[in-house]
Amino acid sequence: MVSRSRSPVAAGPEEIFSDLRAVADRIREGLAQEVPESGFDAPADEAPAAEIARFAGQERARVLAAGARGLEKLAAGRADEIGDDESFGMEAIVLLEGRPAILVQAADFAPQDGDWAVLDDHRAAIRESIVRVGRVDVSGHVSLDWVGTAFLVGPDLVMTNRHVAVEFARDRHDGEWTFHPGLSAAVDLAQEYGTPPGTGGLTYAVTEVVGVHEGVDMALLRVAPAPGGEPLPTPLAVAADAPADLPGRPVYVVGHPAWDGRRNEPESMRRIFMDIYNVKRLQPGTANQLLAERNVMTHDCSTLGGNSGSPVFDLTDHRVLGLHFGGRYGFGNYAVPLWTMLDDPLVRRAGLNYV
């Protein structure tokens, strides 16, 4: 099988799907049920867009059909026969079904098929998680409008990554942090697909850099509503103890995956996801392992740039298990396990909502 070094998939289909043939059958069944192209001719001003949509649909069907063939070969022990198109198609199936990045709209998400139909059973709790995660927007930066994700961990406190905070904050070399001159930041809890920026009163100014951790990729920020704006939601529950049976435990990330030109995504993958980036998504997956010597928890949710600072939730009780900070294609994604930080001086001083 051809290896794709720049794939956004953190795990292979055989690690994600328990029955590869059943997934292949489900993909083919879905393709067979797609409505045929209408014979109606679109108006002249809409014809180009309709033609693009038609070709995009054809490309999606071609990629998924190739992926279904690849899954069947993998199930039959014929991995050495899997071609480039089939390999790419399997990655698309993993991203669309096994480890999807589900668009969030109106703090909700569409029902899912297959293994992730279980999300419907947790819809109310997941919605409560979604509304407590926001995008970190910046003003005055020379090249960026936003820099990552943050989430509520205290009454007026959000957590993000150190490498997110340093885009607008600096160390005064006395243990305290302040804003770079001319820069400001805010956390927008409503950066969803189709929602105009700054609407709904859900943008909260970053008023203070509470602290930036020296040992792990973590920063804590104070936030406040604008005058007349909506009050902050109550904070998320942060896990105060380690979950049982971490490997294979269902988890989900909420964040804002961003397009990154360095990834050189194939055009067909871009068409599958319709170039929708920079907005809030729900990204389910599983926890993999705790690397105790590095104080790192790994997971296989389909994260991209922009997910930096995202919370990793336990799907069982919806506590925040980890702070996502990065990943490596084909190997996994990395998070700070927050239960190990319970007695950390910065964390204790800030007063996180440990449960």
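Cut-offs used in this document
All chains use their own residue numbering, which begins from 1 and follows the written sequence. Note on the predicted model: pLDDT of at least 70 is required for a residue's local features to be given, and 80 or more for side-chain atom pairs to be given and counted; whole-chain, interface and lining totals, by contrast, use all residues. In computing side-chain properties, one takes all heavy atoms of the structure into account and sets aside hydrogens as well as water. Numbered from the N terminus, helices here are DSSP runs of H or I no shorter than four residues, and strands are runs of E no shorter than two. We call two residues in contact whenever any of their non-hydrogen atoms come within 4.5 Å of each other. Accessible surface area values rest on a Shrake-Rupley calculation with a 1.4 Å probe, where residue burial reflects the displayed protein chains alone. Expected helix span is given by 1.5 Å per residue-to-residue step, counting one fewer step than there are residues. The classification of residues rests on relative accessible area computed with a 1.4 Å probe and restricted to protein chains. Under 20% of the type maximum is buried, over 50% is exposed, and intermediate values are partly exposed. Starting at the helix axis, one direction is taken to each C-beta atom, and the arc is that of these directions. What qualifies as a polar contact is a pair of N or O atoms within 3.5 Å, subject to a donor-acceptor requirement within protein and to the restriction that residues adjacent in sequence count only when both atoms come from side chains. If DSSP finds at least two bridges between two strands, the strands pair. Only the stretch in contact is used when a helix axis is fitted, and all axes are lines through C-alpha atoms; the angle between N-to-C directions ranges over 0 to 180 degrees. Classification of ring pairs rests on two measures: the distance between centres of Phe, Tyr or Trp rings, Trp counted by its six-membered ring, which must be within 6.5 Å, and the angle between planes, read as stacked under 30 degrees, edge-to-face over 60 and tilted in between. Lysine NZ or arginine CZ positioned within 6 Å of the ring centre and within 35 degrees of the ring normal marks a charge as sitting over the ring. Each residue carries a pLDDT value, the predictor's own confidence for that position, ranging from 0 to 100. We call a set of buried residues a nonpolar core when its members are Ala, Val, Leu, Ile, Met, Phe, Trp, Tyr or Cys and they connect through side-chain atoms within 4.5 Å of each other.

**Let's talk about the overall build of the chain**
Item 1. Summing up its helical and strand segments, the chain has eight helices and 15 strands in all.
Item 2. In the chain, the proportion of contacts linking residues at least 24 apart, taken out of those at least 6 apart, comes to 66%.
Item 3. Carbon and sulfur atoms make up 51% of the accessible area of the chain, which totals about 16300 Å².

**A word on helix α2 (residues 20-32)**
Along an α-helix, residues three or four positions apart point the same way, because every turn accommodates 3.6 residues.
Item 1. Relative to the 18 Å expected for 13 residues at 1.5 Å per residue, α2 spans 19 Å between its end C-alpha atoms, a close match to the ideal helical length.
Item 2. Among all positions in α2, only Leu 20, Val 23, Ala 24 and Ile 27 are buried. Along α2, the residues classed as buried sweep out an arc of 100° about the axis, all on the same side.
Item 3. The distance from a side-chain oxygen at the start of α2 to the backbone nitrogen of Arg 21 is 3.3 Å, and the residue carrying that oxygen is Asp 19.

**With respect to the environment of Ala 185**
Item 1. Note that Ala 185 resides in strand β7 (residues 184-188).
Item 2. For the pair Ala 185 and Val 136, spaced 49 residues apart in sequence, the C-alpha to C-alpha distance is 6.8 Å.

**Description of the sheet that holds β7**
Item 1. The six strands are arranged β2-β3-β4-β9-β8-β7 in a closed barrel whose pairing can be described as antiparallel. When the angles between neighbouring strand axes are averaged without regard to direction, this sheet yields 45°.
Item 2. The pairing of strand β3 (residues 146-154) with strand β4 (residues 157-160) spans three bridges and is classified as antiparallel. The partner of Leu 152 across the bridge, within β4, is Val 158.

**Looking at the packing of aromatic side chains**
Item 1. Using the criterion set out here, one finds three aromatic pairs in the structure.
Item 2. Look at Phe 168 and Phe 179: their rings are 6.1 Å apart centre to centre, the planes differ by 25°, and that puts the pair in the stacked class. Of this pair, Phe 168 sits in the loop between α6 (162-165) and β5 (169-171) while Phe 179 sits in strand β6 (residues 177-179); the two residues are 11 residues apart in sequence, bridging distant segments of the chain.
Item 3. When the ring centre of Phe 109 is taken as origin, the NZ or CZ atom of Arg 123, which lies over that ring, is 4.1 Å away.
Item 4. When the ring centre of Tyr 334 is taken as reference, the NZ or CZ atom of Arg 294 above it lies at 5.7 Å.

**What about the pairing of strand β8 (residues 203-212)?**
Item 1. In the sheet, β7 pairs with β8 via three bridges, with the strands oriented antiparallel. Paired with Asp 188 across the strands is Thr 203, a residue of β8.
Item 2. By the bridge criterion, seven bridges tie β8 to strand β9 (residues 219-225) in an arrangement that is antiparallel. Across the sheet, the residue bridging to Val 212 is Ala 219, located in β9.
Item 3. Where β8 folds back onto β9 in an antiparallel hairpin, the turn is made up of six residues.

**A closer look at unusual backbone geometry**
Item 1. Not every positive phi belongs to a glycine, and Ala 107 is a case in point at roughly 60°.
Item 2. Despite not being glycine, His 318 has its phi angle at roughly 65°, a positive value.
Item 3. Structurally, His 318 is set in the loop between β13 (311-314) and β14 (320-328).

**Digging into the confidence of the model for the chain**
Item 1. The predicted model of the chain averages 87 in pLDDT, with 85% of residues at 70 or higher.
Item 2. For residues 1-6, every residue scores under 50 in pLDDT, and the model assigns this stretch 17 contacts once sequence neighbours within four places are set aside.

**A short note on the nonpolar core**
Item 1. Formed by 34 residues in total, the largest nonpolar core has its most connected members in Phe 151, Met 159, Met 218, Leu 220, Leu 282, Leu 338 and Leu 352.
Item 2. Looking at this core, the elements that each hand over two or more residues are α5 (123-130), β3, β4, β10 (250-255), β14 and α8 (345-350).
Item 3. Element by element, the count of residues in this core is highest for α8, at three residues.
Item 4. Excluding residues within four positions of it along the chain, Met 159 makes contact with Thr 149, Ala 150, Phe 151, Val 153, Met 218, Ala 219, Leu 220, Gly 309, Leu 323, Leu 338 and Leu 352.
Item 5. Val 138, Phe 168, Ala 169 and Val 212 belong to the second-largest nonpolar core, a separate cluster that totals 22 residues.

**Side note on α5**
Item 1. Within the span of α5, buried status applies to Arg 123, Ile 126, Ser 129 and Ile 130. Along the axis of α5, the buried residues cluster in a sector spanning 115°; they form a single face.
Item 2. Buried positions along α5 lie against β2 (133-139), β10, β11 (281-291) and β13.

**A short note on the side chain of Arg 249**
Item 1. Relative to the elements of secondary structure, Arg 249 occurs in the loop between β9 and β10.
Item 2. Within the local environment of Arg 249, its side chain forms a polar contact with the backbone oxygen of Ala 244, the two atoms lying 2.8 Å apart.
Item 3. Reaching out from Arg 249, the side chain makes a polar contact with the side chain of Asp 314 at a distance of 2.7 Å.
Item 4. Residue contacts for Arg 249: discarding those within four places in its chain leaves Pro 243, Ala 244, Gly 285, Thr 286, Ala 287, Asp 314 and Thr 316.

**Comments concerning the pairing of β14**
Item 1. Bridging between β13 and β14 involves three bridges; their strand directions are antiparallel. Counted as the bridge partner of Val 312 is Gly 322 from β14.
Item 2. The antiparallel pairing of β13 with β14 creates a hairpin that spans five residues between the two strands, and His 318 there sits at a positive phi of about 65°.
Item 3. In the sheet, β14 pairs with strand β15 (residues 332-337) via six bridges, with the strands oriented antiparallel. Residue pairing for β15: Arg 328 is matched across the bridge by Gly 332.

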